[in-house]
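Residue strings, one per chain:
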Amino acid sequence: MNALRPVGWRATWLVILLSLFLSACGGDSSSHSGGDPTPPDTGNGDNGGDGDGGGDDGGDGDGDGDGGNTRQSFTVAVIPDTQKYARYSQERYTVQTQWIADHYQDENIKFTLHLGDVVDRARESYEWSNAREAMQILESNPETPYSVLAGNHDVLNSGQWDDQRDLSAEPFLQHFPASLQAANFSTFKGTDSTGFNSYHIFETDGQAFLVLALDWRSSDQTIAWAQDVLDQHPDLPAILTTHQLLNIAADGETAIFTPEHGAPLWEKLIRSNDQIFLTFNGHHHGEAMMVGKNDYGRDVVMVVVDYQSGFWGGNGMMQLVTFDYSDDELDFISYSPWVAAIDEASRQPQDELSRWEFSVPMDFEQRFSNMNQGEGVVAPGSIEGTQAYWILDSDHQLTATDNSVKFMDASGNGNTMTLVSYNNAEGNDPQGALSDFFQVTADAPPFGYATGSAAFMGNNAIGGYYLTTDGPGLTFEKSGAGQPGYLPQYTIEAVVRLPEDWTPGSNQWSGILNHQPGITRVCNYHSVSCSGSDASLGLNVSSLKEFQWVSTSQNGKGQDNWSWEVSNEYWYHIAMVNDGERVQMYVDGSLVMRTGVDEQQGLLVEPGQPWSIGVNSWQGNPSNLFAGDIAEIRINNRALGRDEWLYNQR
């Protein structure tokens, strides 16, 4: 997760106007039960929004990023669950929308997002009337557009998916039909066939943004509709809103995906669409934030915020998100215009003006460029000719909802590595927690681009884990036999460290980088006269603790390359450089003795067959787990000069 930095909110709140508005609201209203339109003079001990980790109680732009920025910062307003206001205290709801209407110019508020649970009881007409009265304040001005979606309290049967409902009977569609938004806001672009899902496009300072407002229970039909909308607008940064995506863990701070709705939305829609950079949801009481890595290795900022369990259903607390182009960050603050209208001396402890103030760095120009193309993920070390580049640190670890571990290919060529298990000597899965066998740590080498490394802690007796990919981007050129999988020249680098307790009995002949099919198979595939049961290509650690390079080339299988016996607890840079005639191994910049003996014309592989990190192979099957730390592995189609090696990047 990106580091959060506290920021100062720059707005000047106009309390007098709000006070005048509240006075005009008058006395009792049918919108609340036992409440008062003026702030109460006693508290009930509720602090107004601490998360409890539980579910809902009633139901089931663009900046330059280079310091020369000319775009104007702007704000998006977020209204989380208003159900308690619609039922008990319409005044607090109305104050929120009136504040936006009064301040959209001085705060440069370009759009408002409602996160659902508009009402508490879908069958109570007065709650819908109260909600409509509040939202009509925004509808009266085409400059204050909003999106709205249905939460579980807004539908007749919260257990149904959005494509299973009797649309003619649903109150949400009667009170917030597509025709209403279309008549009020030019930003409104349409709904799906159910009417429960809609999208808007708003523009500010020459940058357009797409807003997807998805239902409480988005069906596969809805996800397909949303995908179509994104496909029609591939260049627009997208904000996704729904009622339930993230929950809050028992610690009250950590955001986690909800299994029934959030995880499928991430897996089926968000992670594979690079243009979705920001999401909001309510439903779960409290506040939390997660920065996920999508399939392109770029950040998706995801926020859950819901204050309905707090004092008076949230006491008017809403959220403001400023796109700060001058500092390249998103600034968040939760703010209550209801409390702002109370004289400071009269506020009770539960009258909280603001909370949850933080910033998330975001280079808007970089984030919004080349979306869905993979180019945005290219790391600084992905130089000309890079075919695959794995940096095994947390910055390059993709977000998965099933706790699986994946690492992006920092070359942008899509060779994502996924962690898989390796059975122990008895043929069983490794016994114990994943962290006993594999960890991503902040321990980084003194050279290269990694900010951490992956620690592999298994062996063949106890089992363990390794990373693997079918290498869709590693097809290379055609060999003499006309088959893809020939690399005439190359430089392959690895940055590794062996552990203090390394022993040959546990990890001899283990693999750092491996192309799984055996020598015989690859030779036959390319019609080359050679054979063997070893991996056709592999960087290994021998029984004598030497680095070994095995490769199959256009002219057959030559002699392997060997280092000296290396040390424990020391970061090494290994480079295999092939100029089209011979491959030579370098360790920490020094040419090793046993290298470049035979002519070896590039290398041969079989496209589509697995590439692995952290395991060797024998006769085409995974064999011999690596123990130690791996920070970076890079494959390039050139014989790189020394100045280009990872070893010389510090």
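Relevant structure appears above.
Please read these numbers as outputs of a predicted model, since none were measured by experiment.

Asker: Help me out: how do you make sense of the sheet that holds strand S4 (residues 188-191) in this one?
Answerer: To summarise the sheet geometry, strands pair through backbone hydrogen bonds and adopt either a parallel or an antiparallel arrangement. With respect to topology, seven strands assemble into an open sheet ordered S4-S5-S6-S7-S10-S12-S11, the strand pairing being mixed. Both outer strands of the open sheet, S4 and strand S11 (286-293), are each paired with one neighbouring strand and no more. Neighbour-to-neighbour, the strand axes of the sheet open up by a mean angle of 15°, direction not taken into account. Both strand S5 (residues 198-204) and strand S6 (residues 207-213) contribute to a ladder of seven bridges, which runs antiparallel. Note on S6: the bridge partner recorded for Thr204 is Gln207. Here helix H7 (residues 220-232) sits on the sheet and contacts S4, S5, S6, strand S7 (238-241) and strand S10 (276-281); the angle it forms with S6, its principal contact strand, is near 175°.

Asker: What's the story with H7 in this structure? I'm lost.
Answerer: Counting along an α-helix, one turn takes 3.6 residues, and residues three or four places apart therefore face a common direction. With 13 residues, H7 extends 18 Å from end C-alpha to end C-alpha; this agrees with the ideal 18 Å at 1.5 Å per step. Those residues of H7 not exposed but buried are Thr222, Ile223, Trp225, Ala226, Val229 and Leu230. Viewed along the axis of H7, the buried residues span an arc of 160°, placing them on a single side of the element.

Asker: Please clarify how the nonpolar core should be interpreted in this entry.
Answerer: In a soluble, globular protein the nonpolar side chains are often hidden away together inside. If you look at the biggest cluster of nonpolar residues, it comprises 45 residues, and the most contacted ones within it are Trp390, Ile512, Leu539, Phe547 and Ile613. For this core, the leading source of residues is strand S25 (residues 490-497), giving four residues.

Asker: Explanation requested: empty space enclosed by the protein in the structure shown.
Answerer: The probe, sized like a water molecule, is rolled over the atoms to show the empty space still left. Approximately 50 Å³ is the volume attributed to the largest cavity. Looking at the largest cavity, the residues that line it are Val148, Phe172, Phe176, Pro177, Ala178, Gln181, Phe188, Thr191, Gly195, Phe196 and Ser198. Residues that form the lining of the largest cavity fall into these classes: seven nonpolar, four polar and no charged. In this model, the second largest cavity occupies a volume close to 40 Å³. For the second largest cavity, the full set of lining residues is Gln559, Asp560, Asn561, Val583, Thr595, Gly596, Val597, Asp598 and Gln600.

Asker: Help me understand the state of the cysteines, please; the structure alone is not making it clear to me.
Answerer: Disulfide: a covalent bond formed between the sulfur atoms of two cysteine residues. By the definition in use, this model includes one disulfide. Between Cys523 and Cys530 runs a disulfide, and the two sulfur atoms are separated by 1.7 Å. Of note, the bridge from Cys523 to Cys530 carries an S-S torsion of about -100° and is left-handed in sense. We note that Cys523, like Cys530, is buried.

Asker: Just to check I follow, could you spell out the layout of surface pockets for this structure?
Answerer: Computed from the structure, the largest pocket encloses a volume of approximately 710 Å³. As for the largest pocket, its lining consists of 26 residues, of which Met290, Val291, Gln397, Leu398 and Thr399 are closest to the centre. Every element with two or more residues in the lining of the largest pocket is listed here: strand S9 (255-257), S11 and strand S17 (397-398). Among the elements that line the lining of the largest pocket, the one with the most residues is S11, at five residues.

Asker: Can you walk me through helix H3 (residues 90-103) in this structure?
Answerer: Here H3 is 14 residues long and its end C-alpha atoms lie 20 Å apart, about the 20 Å a rise of 1.5 Å per residue gives. Burial runs high along H3: twelve of the 14 residues are buried. Those residues of H3 lying buried are Gln90, Glu91, Arg92, Tyr93, Thr94, Val95, Gln96, Thr97, Gln98, Trp99, Ile100 and His103.

Asker: Honestly, the environment of Val495 in this entry has me stumped. Any pointers?
Answerer: Following the sequence through the fold, Val495 ends up in strand S25. Given a relative accessible area of 0%, Val495 falls into the buried group. Between the C-alpha atom of Val495 and that of Phe447, which follows or precedes it by 48 residues, the distance is 8.9 Å. When neighbours within four sequence positions are excluded, Val495 is seen to be in contact with Pro445, Phe447, Trp571, Tyr572, His573, Asp629, Ile630, Ala631, Glu632 and Leu646.

Cut-offs and rules
- Residues numbered from 1 in each chain as written.
- Predicted model: local features only at pLDDT ≥ 70, side-chain atom pairs only at ≥ 80, totals over all residues.
- Heavy atoms only, no water.
- Pairing = 2+ DSSP bridges.
- Helix = DSSP H or I, 4+ residues; strand = E, 2+ residues; numbered from the N terminus.
- Axes fitted to C-alpha atoms, helices over the stretch in contact; angles between N-to-C directions.
- Contact = heavy atoms within 4.5 Å.
- Expected span 1.5 Å × (residues − 1).
- Buried < 20%, exposed > 50% of the residue type's maximum accessible area, 1.4 Å probe, protein only.
- Arc of directions from axis to C-beta.
- Core = buried A, V, L, I, M, F, W, Y, C linked by side-chain atoms within 4.5 Å.
- 1 Å grid on protein atoms, 1.4 Å probe; cavity = no way out; pocket = protein on both sides within 12 Å on 5 of 7 lines; lining within 4 Å.
- Points joined across faces, edges and corners; volume = space filled by probe spheres on them.
- Nonpolar A, V, L, I, M, F, W, Y, C, P; charged D, E, K, R; others polar.
- Disulfide = S-S within 2.5 Å.

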